[in-house]
Amino acid sequence: MLQTPSRKTHTSVLPGLFAAAMAVVLALAVHALLPVLSPAVVAVAAGAALAASGGVGERLLPGLRLVSKRVLRVAIVLLGLRISVPEVLAMGWRTVVIVLVATGVTFVVTPLVGRRLGLSPGTGLLVATGVSICGAAAIAAMRDSAGGDDEDAASALGVVVLYGSAAIIAVPLLAAWLGLSPAQLAVWTGAAVHEVAQVAAIGAASGVLAAAVTVKLGRVILLAPIVALSARARPGAGRPPVVPLFVAGFLAMVALRGTGLVPESVTAAVPPITDVLMAAALFGLGTGIDVRRLLSGGRALLLGGIATGLIGGIALVGAVLLIP
């Protein structure tokens, strides 16, 4: 008697899970051919393309909800194992100041600008989180705490993917034109570009991969406190836990990595696993993107451009003034 509902539930999620699995295969294949395109970006684009073609039917929705919520939270928890706190602290106080100021100002100012543009508070907060911290993963982590709906999250995802991808081309060109040193380029890239994979693409092409990614991971650490504070501060949220469970898991993994007890074989296996899980989750979220509405609306795109310019400008000024 008890097995029948369970079987029906499992059957109902299979079409969506299969679609997400196919999207992951596509994302990994495209990334292998074009390393400049991260699996996360390809997955979001694939989800948006499926939605635009009208291919997201009722049969896919249960599975897509599963990957965009539960699978996503597992991926965020595992993301903590990618962060080495000693390496982040070794960046030096100047770099830490640049990261904190650029991230903090962008996170605070962006929702205020979004409000002036007439956007919903959820959209403003999600764009602020994606631009200031770590792109699509941060948007997905903040979605529940922001009090926004799937449409807010989809708009923010589209904006972050667009501007973050453009940065892969723009940042190296601007750095060469401005005559930045390798150290300045590494700090600017890590402190300003949205996605870890986008930072890695710029760093690899410019010879500053390790330094740029380390700076970027310093921003990723800020995901946990910002999500927790936002959950507590949201009006009408009742009495949420001090820290959402998946955020606590993320912090626990960061702490575990910091003890030095995690074998290198495990830390080496974590990045590809999190890439797969995150790609599946972001495909699910990407199916909520209405490309035509995003491009015709203009306001979310404008807010994303302002936020990207803000964090990029602050990080650039800090890198020029503080980094030799």
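Since we're looking at a predicted model, the values are computed, not measured.

A. Structural context of the overall build of the chain. Along the backbone of the chain there are 15 helices and zero strands. Counting all 324 residues of the chain, 48% fall into the buried class. Contacts in the chain between residues far apart in sequence, at least 24 positions, make up 78% of those at least 6 positions apart.

B. Quick peek at a nonpolar patch on the surface. Taken together, Trp93, Val97, Val101, Val105, Val108, Val109 and Leu112 make up a surface patch of nonpolar side chains, about 570 Å² in accessible area. Looking at Val101, the relative accessible area reads 40%, which means it is partly exposed.

C. Structural view of the side chain of Thr123. Counting through the fold element by element, Thr123 comes out in helix α6 (residues 121-146). Since its relative accessible area comes to 5%, Thr123 is described here as buried. Among the polar contacts made by the side chain of Thr123, one reaches the side chain of Ser120 at a distance of 3.0 Å.

D. How the structure looks around the confidence of the model for the chain. Across the chain, the average pLDDT comes to 81, with 87% of residues at or above 70. Long-range and interchain partners of residues 1-10, a stretch whose pLDDT sits below 50, account for zero contacts in this model, where long-range means more than four residues apart. A low-confidence stretch, residues 237-242 stays under pLDDT 50, and its non-local contacts, those more than four residues away or across chains, total six contacts.

E. Fine view of the layout of surface pockets. Of the pockets and cavities examined, the largest pocket occupies roughly 660 Å³. Every residue lining the largest pocket is counted, 31 residues in all, and those nearest its centre are Arg82, Val196, Ala197, Ala200 and Asp275. Taken together, the elements giving at least two residues each to the lining of the largest pocket come down to α2 (39-52), α3 (61-79), α6, α7 (150-178), α9 (196-206), α10 (209-221) and α13 (264-286). At seven residues, α9 tops the list of elements feeding residues into the lining of the largest pocket. Its residues placed into classes, the lining of the largest pocket shows 25 nonpolar, three polar and three charged.

F. Structural view of the nonpolar core. Among the nonpolar cores identified, the biggest contains 76 residues, and Ile76, Trp188, Leu223, Phe250 and Leu282 are the most heavily contacted of them. The dominant element in this core, judged by the number of residues it contributes, is α6, at 14 residues. Excluding residues within four positions of it along the chain, Phe250 makes contact with Ile76, Val77, Leu79, Gly80, Ile83, Val220, Ile221 and Ala224.

G. Fine view of the environment of Val30. Within the fold, Val30 resides in helix α1 (residues 3-33). Put simply, Val30 and Ala43 are 13 residues apart on the chain and 9.9 Å apart in space, counted from C-alpha to C-alpha. Discounting chain neighbours no more than four positions away, the residues touching Val30 are Leu37 and Val42.

H. Quick look at α2. Here α2 contains 14 residues, and its C-alpha end-to-end distance of 20 Å stays within 8% of the 20 Å for a straight helix at 1.5 Å per residue. By the burial criterion, the buried members of α2 are Pro39, Ala40, Val41, Val42, Ala43, Val44, Ala46, Gly47 and Ala48. Where α2 ends, the next residue or the one after it, Gly54, has phi of about 80 degrees, a positive value.

I. Here's a closer look at helix α8 (residues 182-192). By the criterion of burial, α8 is predominantly enclosed, with nine of the eleven residues buried. When we look at burial in α8, the residues that qualify are Gln184, Leu185, Ala186, Val187, Trp188, Thr189, Gly190, Ala191 and Ala192.

J. Quick peek at the packing of α8 against helix α15 (residues 299-322). Between α8 and α15, the least distance of the axes is 9 Å, while the angle of their chain directions is 155 degrees. Classified by the angle between their axes, α8 and α15 sit roughly antiparallel to one another. By crossing handedness, the relation of α8 to α15 is classed as right-handed. Contacts between α8 and α15 pair Gln184, Val187, Trp188, Ala191 and Ala192 from the former with Ile311, Gly312, Ala315, Leu316, Ala319 and Val320 from the latter. Looking at the contact of α8 with α15 residue by residue, the class counts come to nine nonpolar, two polar and no charged.

What counts and what doesn't
- Residues numbered from 1 in each chain as written.
- Predicted model: local features only at pLDDT ≥ 70, side-chain atom pairs only at ≥ 80, totals over all residues.
- Heavy atoms only, no water.
- Helix = DSSP H or I, 4+ residues; strand = E, 2+ residues; numbered from the N terminus.
- Buried < 20%, exposed > 50% of the residue type's maximum accessible area, 1.4 Å probe, protein only.
- Contact = heavy atoms within 4.5 Å.
- Patch = residues over 30% accessible without salt bridge, like charges linked within 9 Å, V, L, I, M, F, W, Y side chains within 5 Å.
- Areas by Shrake-Rupley, 256 points an atom, 1.4 Å probe, with all protein chains shown as cover.
- Salt bridge = Lys/Arg side-chain N within 4 Å of Asp/Glu carboxyl O.
- Polar contact = N/O pair within 3.5 Å; in protein donor to acceptor, adjacent residues only side chain to side chain.
- pLDDT = per-residue confidence, 0-100.
- 1 Å grid on protein atoms, 1.4 Å probe; cavity = no way out; pocket = protein on both sides within 12 Å on 5 of 7 lines; lining within 4 Å.
- Points joined across faces, edges and corners; volume = space filled by probe spheres on them.
- Nonpolar A, V, L, I, M, F, W, Y, C, P; charged D, E, K, R; others polar.
- Core = buried A, V, L, I, M, F, W, Y, C linked by side-chain atoms within 4.5 Å.
- Expected span 1.5 Å × (residues − 1).
- Axes fitted to C-alpha atoms, helices over the stretch in contact; angles between N-to-C directions.
- Parallel < 35°, antiparallel > 145°, perpendicular 65-115°, else oblique.
- Left-handed = near helix turned anticlockwise from the far one by under 90°.

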